[in-house]
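Okay, here's what each chain looks like letter by letter:
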Amino acid sequence: MARALAAALLILLAVTSAQAERLIVSVSNHRVTVTPNYSGEELVLFGSVEKDASTPADRTAYDLVVTVKGPAADMVTRRKERTFGIWINTDYRQFLQVPSYLALFANRPFDKITSGEIARRQQLGLNNVLLTQRVGTDYADVVPNDVFRSAFIRLRTQRGLYREDASAVTFLTPTLFRTGIPLPAEVPIGTYRVEIKLFAGGAFVTKTETAFEIVKVGFEQFIATAAHQHGLAYGLATALMALMTGWVASIVFRRD
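Keep in mind that this is a model prediction, so the values were computed, not measured. (Residues numbered from 1 in each chain as written. Predicted model: local features only at pLDDT ≥ 70, side-chain atom pairs only at ≥ 80, totals over all residues. Heavy atoms only, no water.)

(A) Focus on the overall build of the chain. Along the chain, the regular secondary structure elements total six helices and 14 strands. Across the chain, contacts joining residues at least 24 apart in sequence account for 68% of those joining residues at least 6 apart. With the model as given, the accessible surface of the chain reaches about 15600 Å², and the carbon-plus-sulfur share is 58%. (Helix = DSSP H or I, 4+ residues; strand = E, 2+ residues; numbered from the N terminus. Contact = heavy atoms within 4.5 Å. Areas by Shrake-Rupley, 256 points an atom, 1.4 Å probe, with all protein chains shown as cover.)

Here it is, written out as structure tokens:
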């Protein structure tokens, strides 16, 4: 027992000493408010690599990968085919608890930062991000060139909700860095987790996390809260409003 405890302590010390750097990061705004006229904005992530006495002297160049994930949600991608002149849904694939917003940024191409095995393990790049799907009775991710997976990423990318940029991270000095986080107009509401991973010489060194929140304010938030907390009253009010609108329109456009 004593030997096992000593061995575990030695392993812990080795891991601790191997992580000779730590990351200090922050974002320009930890709370983004969405108003009716919100058209999108860009946050700035900035930080530094802090070295200590155990940092190897020959370690002077770093690589950085930033992953931003929005609230998780279930989504569906459908396949449409033209039949007798009409486009109809012929198949679909459900994606389970995948990020509603996903961005991956780096200071150079992902395949130049580290090996393919480490990139897959650390989920570097859209092709390596885990997107769990319901395939029949199974739950799993599939190969990157799967037609449903490719279509899902393409459609999210077109809306600015999924993105990948291998030149978005800039090292201002050998240890100071920054990157922008673009947020489109239809950005989902919720908490966004930001994970920053540091590499050196192809090896994973350390990582840290931060977060920011996107919230609705004003009349939009009032409507969203009412719909969520008072569903029955909201539904009745919406139906009554539709009836009133139809009645007023019948009077205004009535022909004598």
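(B) Molecular detail of the sheet that holds strand 4 (residues 63–69). Spatially, 2-14-13-4-7-10 is the arrangement adopted by the six strands of the open sheet, whose pairing is mixed. Of all strands in the sheet, those with a lone pairing partner are strand 2 (31–34) and strand 10 (162–165), marking the two edges. Across this sheet, the average inter-strand angle for adjacent strands is 15°, counted without regard to direction. Of the pairings in the sheet, the one linking strand 7 (residues 102–106) to strand 10 comprises four bridges and is parallel in character. Within strand 10, the residue paired with Ala-103 across the bridge is Arg-163. (Pairing = 2+ DSSP bridges. Axes fitted to C-alpha atoms, helices over the stretch in contact; angles between N-to-C directions.)

(C) Structural detail: the sheet that holds strand 1 (residues 21–27). One open sheet holds the four strands; their spatial order is 1-3-12-11, and the pairing between them is antiparallel. Each edge of the open sheet is held by one strand with a lone partner, namely strand 1 and strand 11 (170–171). Bridge count for strand 11 against strand 12 (residues 176–183) is two bridges, and the pairing is antiparallel. When the bridges of strand 12 are listed, Thr-170 appears paired with Arg-178.

(D) Examining the packing of aromatic side chains more closely. By the definition in use, this model includes six aromatic pairs. Between the aromatic rings of Phe-171 and Phe-177, the centroid separation amounts to 6.0 Å while the plane-to-plane angle is 65°, which identifies the pairing as edge-to-face. For Phe-171, a relative accessible area of 24% translates into the label partly exposed. Taking relative accessible area as the criterion, Phe-177 reaches 2% and is therefore assigned buried. Measuring from centroid to centroid gives 5.6 Å for Phe-199 and Phe-204, while their planes differ by 65°, and the two rings are edge-to-face. (Phe/Tyr/Trp six-rings, centres within 6.5 Å; stacked < 30°, edge-to-face > 60°. Buried < 20%, exposed > 50% of the residue type's maximum accessible area, 1.4 Å probe, protein only.)

(E) Layout of the pattern of salt bridges. Under the defined criterion, the tally for this structure stands at nine salt bridges. Linking Arg-159 and Glu-186 is a salt bridge whose minimum nitrogen-to-oxygen distance equals 2.6 Å. With a gap of 27 residues between them, Arg-159 in the loop between helix 4 (147–158) and strand 10 and Glu-186 in the loop between strand 12 and strand 13 (190–200) connect regions that are remote in the sequence. With a shortest N-O distance of 3.3 Å, Lys-207 and Glu-195 are connected by a salt bridge. On the criterion of sequence distance, the pair formed by Lys-207 in strand 14 (residues 203–216) and Glu-195 in strand 13 is long-range, its members being twelve residues apart. Lys-207 sits in the partly exposed class, given a relative accessible area of 45%. (Salt bridge = Lys/Arg side-chain N within 4 Å of Asp/Glu carboxyl O.)

(F) Representation of the environment of Leu-96. Structurally, Leu-96 is set in strand 6 (residues 86–99). For Leu-96, a relative accessible area of 15% translates into the label buried. Separated by 36 residues in the primary sequence, Leu-96 and Thr-132 have C-alpha atoms spaced 5.6 Å apart.

(G) Representation of unusual backbone geometry in the model. Look at Gln-97: it is not a glycine, yet its phi comes out positive at around 50°. Locating Gln-97 in the fold gives a position in strand 6. Given the relative accessible area of 52%, Gln-97 is considered exposed. At Gln-123, a position not held by glycine, the phi torsion is positive, near 55°. Under the relative-accessibility criterion, Gln-123 is labelled partly exposed at 25%.

Everything listed here is a matter of coordinates, which is why it stays silent on function.
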